[in-house]
Amino acid sequence: MNPRRASIIAAGAALCLVLSFAVTRTRGGVFVGELERQASAARDAAGGKGVRITFHDRYGWMTRHPVLSGGAQLDTATRTRVAAAVAAVPGIAGVSWEREEGDGRTATIHCQDDVERILETRTIRFGEASTRLDPASERLLDEVARALRPCVGSIIAVTGHTDGGGNPQVNVALSLARAEAVRSALVARGIPADGLRAAGVGAQKPVSGLDPLDPANRRIEFSVISSAPVKPTPIDTPGPG
(Lines give C-alpha, C1' and ligand atoms only; values in the text may rest on other atoms or scores of the structure.)
Protein backbone atom coordinates (compact mmCIF):
# COMPACT_ATOMS: atom_id res chain seq x y z
CA MET A 1 0.00 0.00 0.00
CA ASN A 2 1.16 3.52 -0.77
CA PRO A 3 2.68 5.00 2.46
CA ARG A 4 0.80 8.25 2.00
CA ARG A 5 -2.50 6.40 1.56
CA ALA A 6 -1.79 4.28 4.65
CA SER A 7 -1.07 7.44 6.63
CA ILE A 8 -4.37 9.01 5.53
CA ILE A 9 -6.30 5.85 6.50
CA ALA A 10 -4.63 5.73 9.93
CA ALA A 11 -5.39 9.40 10.54
CA GLY A 12 -9.03 8.86 9.55
CA ALA A 13 -9.33 5.89 11.90
CA ALA A 14 -7.88 7.92 14.76
CA LEU A 15 -10.30 10.77 14.06
CA CYS A 16 -13.25 8.35 14.06
CA LEU A 17 -12.09 6.96 17.42
CA VAL A 18 -11.83 10.45 18.93
CA LEU A 19 -15.25 11.44 17.60
CA SER A 20 -16.78 8.18 18.86
CA PHE A 21 -15.33 8.77 22.33
CA ALA A 22 -16.62 12.35 22.34
CA VAL A 23 -20.12 11.24 21.32
CA THR A 24 -20.05 8.56 24.02
CA ARG A 25 -19.09 11.11 26.67
CA THR A 26 -21.77 13.55 25.49
CA ARG A 27 -24.57 11.00 25.19
CA GLY A 28 -23.40 9.33 28.40
CA GLY A 29 -23.57 12.64 30.24
CA VAL A 30 -27.16 13.18 29.11
CA PHE A 31 -28.09 9.60 30.04
CA VAL A 32 -26.50 9.75 33.48
CA GLY A 33 -27.93 13.22 34.06
CA GLU A 34 -31.43 11.83 33.57
CA LEU A 35 -30.63 8.86 35.84
CA GLU A 36 -29.40 11.28 38.49
CA ARG A 37 -32.58 13.35 38.24
CA GLN A 38 -34.81 10.27 38.62
CA ALA A 39 -32.64 8.82 41.39
CA SER A 40 -32.79 12.09 43.35
CA ALA A 41 -36.58 12.13 43.05
CA ALA A 42 -36.77 8.49 44.20
CA ARG A 43 -34.43 9.24 47.12
CA ASP A 44 -36.53 12.21 48.27
CA ALA A 45 -39.78 10.24 47.97
CA ALA A 46 -38.26 7.51 50.17
CA GLY A 47 -37.34 10.01 52.88
CA GLY A 48 -33.65 10.26 52.08
CA LYS A 49 -33.10 13.98 51.53
CA GLY A 50 -29.48 14.72 52.38
CA VAL A 51 -28.21 11.42 50.96
CA ARG A 52 -25.68 12.06 48.20
CA ILE A 53 -25.81 9.99 45.01
CA THR A 54 -22.59 9.73 42.99
CA PHE A 55 -22.68 8.48 39.40
CA HIS A 56 -18.91 8.46 38.92
CA ASP A 57 -16.59 5.67 40.00
CA ARG A 58 -13.25 6.16 41.77
CA TYR A 59 -11.58 6.66 38.38
CA GLY A 60 -13.94 9.49 37.46
CA TRP A 61 -15.86 7.53 34.84
CA MET A 62 -19.63 7.81 34.60
CA THR A 63 -21.41 4.67 35.73
CA ARG A 64 -24.85 3.17 36.18
CA HIS A 65 -23.79 1.81 39.61
CA PRO A 66 -24.17 4.87 41.87
CA VAL A 67 -22.72 5.09 45.36
CA LEU A 68 -24.86 6.55 48.16
CA SER A 69 -23.27 8.48 51.00
CA GLY A 70 -24.33 10.67 53.91
CA GLY A 71 -27.62 10.17 55.69
CA ALA A 72 -25.95 9.00 58.90
CA GLN A 73 -28.90 10.40 60.84
CA LEU A 74 -31.32 8.05 59.05
CA ASP A 75 -32.40 4.81 60.67
CA THR A 76 -31.64 1.44 59.08
CA ALA A 77 -35.15 0.98 57.69
CA THR A 78 -35.03 4.37 55.94
CA ARG A 79 -31.55 3.75 54.52
CA THR A 80 -32.72 0.39 53.17
CA ARG A 81 -35.83 2.01 51.67
CA VAL A 82 -33.77 4.78 50.05
CA ALA A 83 -31.29 2.32 48.50
CA ALA A 84 -34.11 0.13 47.19
CA ALA A 85 -35.90 3.15 45.70
CA VAL A 86 -32.77 4.34 43.89
CA ALA A 87 -31.95 0.81 42.66
CA ALA A 88 -35.49 0.52 41.25
CA VAL A 89 -34.96 3.46 38.84
CA PRO A 90 -34.93 2.01 35.29
CA GLY A 91 -31.38 2.06 33.92
CA ILE A 92 -29.63 1.86 37.29
CA ALA A 93 -27.72 -1.40 37.61
CA GLY A 94 -27.25 -1.64 41.39
CA VAL A 95 -26.16 0.66 44.20
CA SER A 96 -23.96 0.53 47.28
CA TRP A 97 -23.49 2.67 50.40
CA GLU A 98 -20.31 4.39 51.44
CA ARG A 99 -19.41 5.21 55.04
CA GLU A 100 -16.75 7.19 56.83
CA GLU A 101 -14.12 5.21 58.73
CA GLY A 102 -12.46 6.56 61.86
CA ASP A 103 -9.50 7.98 59.93
CA GLY A 104 -11.69 9.76 57.41
CA ARG A 105 -11.33 7.10 54.71
CA THR A 106 -14.46 5.67 53.07
CA ALA A 107 -15.50 2.06 52.75
CA THR A 108 -18.34 0.63 50.71
CA ILE A 109 -21.16 -0.94 52.71
CA HIS A 110 -23.12 -3.54 50.83
CA CYS A 111 -26.65 -4.70 51.45
CA GLN A 112 -25.15 -7.73 53.20
CA ASP A 113 -25.35 -5.73 56.44
CA ASP A 114 -29.11 -5.36 56.05
CA VAL A 115 -29.54 -9.07 55.31
CA GLU A 116 -27.53 -10.00 58.38
CA ARG A 117 -29.76 -7.80 60.54
CA ILE A 118 -32.86 -9.52 59.12
CA LEU A 119 -31.40 -12.95 59.93
CA GLU A 120 -30.07 -12.07 63.38
CA THR A 121 -33.16 -13.42 65.13
CA ARG A 122 -34.76 -15.51 62.39
CA THR A 123 -33.60 -18.44 60.29
CA ILE A 124 -34.45 -19.71 56.83
CA ARG A 125 -35.88 -23.14 57.66
CA PHE A 126 -36.55 -26.31 55.69
CA GLY A 127 -38.41 -29.51 56.37
CA GLU A 128 -36.29 -32.19 58.05
CA ALA A 129 -33.85 -33.72 55.50
CA SER A 130 -35.72 -31.70 52.84
CA THR A 131 -35.10 -28.77 50.51
CA ARG A 132 -38.67 -27.51 50.84
CA LEU A 133 -38.90 -24.07 52.45
CA ASP A 134 -41.46 -23.71 55.21
CA PRO A 135 -44.11 -20.95 54.80
CA ALA A 136 -42.51 -18.62 57.37
CA SER A 137 -39.21 -18.80 55.48
CA GLU A 138 -40.96 -17.88 52.24
CA ARG A 139 -42.05 -14.63 53.89
CA LEU A 140 -38.57 -14.15 55.33
CA LEU A 141 -37.09 -14.48 51.85
CA ASP A 142 -39.36 -11.67 50.66
CA GLU A 143 -37.51 -9.41 53.12
CA VAL A 144 -34.11 -10.80 52.15
CA ALA A 145 -34.81 -10.17 48.46
CA ARG A 146 -35.80 -6.56 49.17
CA ALA A 147 -32.58 -6.06 51.15
CA LEU A 148 -30.43 -7.64 48.41
CA ARG A 149 -31.97 -5.65 45.57
CA PRO A 150 -29.73 -2.59 46.10
CA CYS A 151 -26.68 -4.84 45.56
CA VAL A 152 -27.84 -6.11 42.18
CA GLY A 153 -24.75 -5.87 40.00
CA SER A 154 -22.62 -7.59 42.63
CA ILE A 155 -21.91 -11.30 43.04
CA ILE A 156 -23.95 -12.64 45.95
CA ALA A 157 -22.91 -15.98 47.46
CA VAL A 158 -25.64 -18.15 49.00
CA THR A 159 -24.07 -20.78 51.26
CA GLY A 160 -25.89 -23.68 52.89
CA HIS A 161 -24.82 -25.26 56.20
CA THR A 162 -26.00 -28.29 58.19
CA ASP A 163 -25.40 -29.53 61.70
CA GLY A 164 -22.87 -32.28 62.38
CA GLY A 165 -25.30 -35.19 62.51
CA GLY A 166 -25.47 -37.78 59.73
CA ASN A 167 -23.21 -38.65 56.84
CA PRO A 168 -20.76 -35.85 55.90
CA GLN A 169 -21.15 -36.38 52.15
CA VAL A 170 -24.93 -36.37 52.43
CA ASN A 171 -24.76 -33.19 54.51
CA VAL A 172 -22.70 -31.40 51.83
CA ALA A 173 -25.17 -32.47 49.13
CA LEU A 174 -28.15 -31.40 51.26
CA SER A 175 -26.64 -28.02 52.12
CA LEU A 176 -25.94 -27.36 48.43
CA ALA A 177 -29.47 -28.37 47.44
CA ARG A 178 -30.89 -26.00 50.06
CA ALA A 179 -28.66 -23.17 48.86
CA GLU A 180 -29.88 -23.84 45.30
CA ALA A 181 -33.48 -23.75 46.55
CA VAL A 182 -32.88 -20.36 48.16
CA ARG A 183 -31.14 -19.12 45.01
CA SER A 184 -34.15 -20.16 42.91
CA ALA A 185 -36.49 -18.46 45.38
CA LEU A 186 -34.51 -15.23 45.11
CA VAL A 187 -34.53 -15.40 41.30
CA ALA A 188 -38.31 -15.77 41.47
CA ARG A 189 -38.34 -12.57 43.55
CA GLY A 190 -36.46 -10.57 40.93
CA ILE A 191 -32.79 -11.03 41.86
CA PRO A 192 -30.85 -11.75 38.62
CA ALA A 193 -29.69 -15.36 38.41
CA ASP A 194 -26.29 -14.49 36.96
CA GLY A 195 -25.37 -12.60 40.13
CA LEU A 196 -26.17 -15.45 42.54
CA ARG A 197 -23.79 -18.28 43.42
CA ALA A 198 -24.93 -21.28 45.47
CA ALA A 199 -22.58 -23.42 47.56
CA GLY A 200 -22.94 -26.08 50.24
CA VAL A 201 -20.37 -26.84 52.92
CA GLY A 202 -22.29 -29.31 55.07
CA ALA A 203 -21.17 -29.23 58.71
CA GLN A 204 -17.66 -27.94 58.00
CA LYS A 205 -18.29 -24.44 59.38
CA PRO A 206 -20.47 -24.54 62.53
CA VAL A 207 -21.51 -21.32 64.21
CA SER A 208 -18.74 -20.13 66.52
CA GLY A 209 -19.38 -21.26 70.09
CA LEU A 210 -22.07 -23.80 69.18
CA ASP A 211 -21.91 -27.57 69.48
CA PRO A 212 -21.57 -28.91 65.90
CA LEU A 213 -24.68 -31.03 66.54
CA ASP A 214 -26.80 -27.99 67.49
CA PRO A 215 -29.72 -27.58 65.03
CA ALA A 216 -28.94 -23.83 64.87
CA ASN A 217 -26.06 -24.76 62.56
CA ARG A 218 -28.63 -25.57 59.86
CA ARG A 219 -28.61 -22.21 58.15
CA ILE A 220 -28.19 -20.18 54.97
CA GLU A 221 -25.64 -17.35 54.84
CA PHE A 222 -25.28 -14.55 52.28
CA SER A 223 -22.08 -12.78 51.27
CA VAL A 224 -21.52 -10.00 48.76
CA ILE A 225 -18.21 -11.12 47.31
CA SER A 226 -17.70 -8.68 44.44
CA SER A 227 -19.13 -5.33 43.48
CA ALA A 228 -19.59 -3.83 40.04
CA PRO A 229 -18.21 -2.18 38.06
CA VAL A 230 -14.91 -3.98 38.57
CA LYS A 231 -12.95 -1.83 36.09
CA PRO A 232 -13.34 1.67 34.68
CA THR A 233 -15.46 2.09 31.55
CA PRO A 234 -16.51 5.29 29.75
CA ILE A 235 -20.14 4.50 30.51
CA ASP A 236 -22.10 1.29 30.46
CA THR A 237 -25.14 2.65 28.61
CA PRO A 238 -27.41 0.23 26.76
CA GLY A 239 -26.77 0.07 23.04
CA PRO A 240 -29.38 1.23 20.52
CA GLY A 241 -32.35 -1.05 20.13
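This section reports on the structure supplied with the text. Treat the numbers as computed from the prediction; the structure is a model and nothing was measured.

Counting 25 residues, the largest nonpolar core has I124, V144, L148, V182, L186 and F222 as its most contacted members. The set of elements that each furnish at least two residues to this core consists of α3 (112-118), α4 (135-148), β5 (155-161), α5 (168-188) and β7 (219-226). Excluding anything up to four places from it in sequence, V182 contacts I124, F126, L133, L141, V158, I220 and F222. By size, the runner-up hydrophobic cluster in this structure holds 19 residues, among which are A42, F55, L68 and A83.

With that settled, the discussion passes to the pattern of salt bridges. All told, the structure shown has eight salt bridges when counted by the stated rule. Notably, a salt bridge pairs D114 with R117, separated by 2.9 Å at the nearest N-O pair. Of the two residues, D114 and R117 both sit in helix α3, three residues apart, roughly one turn of that helix. On the accessibility criterion, R117 (41% relative accessible area) is partly exposed. We note a salt bridge from D163 to R218, for which the minimum N-O separation is 2.7 Å.

Cut-offs and rules
- Residues numbered from 1 in each chain as written.
- Predicted model: local features only at pLDDT ≥ 70, side-chain atom pairs only at ≥ 80, totals over all residues.
- Heavy atoms only, no water.
- Core = buried A, V, L, I, M, F, W, Y, C linked by side-chain atoms within 4.5 Å.
- Buried < 20%, exposed > 50% of the residue type's maximum accessible area, 1.4 Å probe, protein only.
- Helix = DSSP H or I, 4+ residues; strand = E, 2+ residues; numbered from the N terminus.
- Contact = heavy atoms within 4.5 Å.
- Salt bridge = Lys/Arg side-chain N within 4 Å of Asp/Glu carboxyl O.

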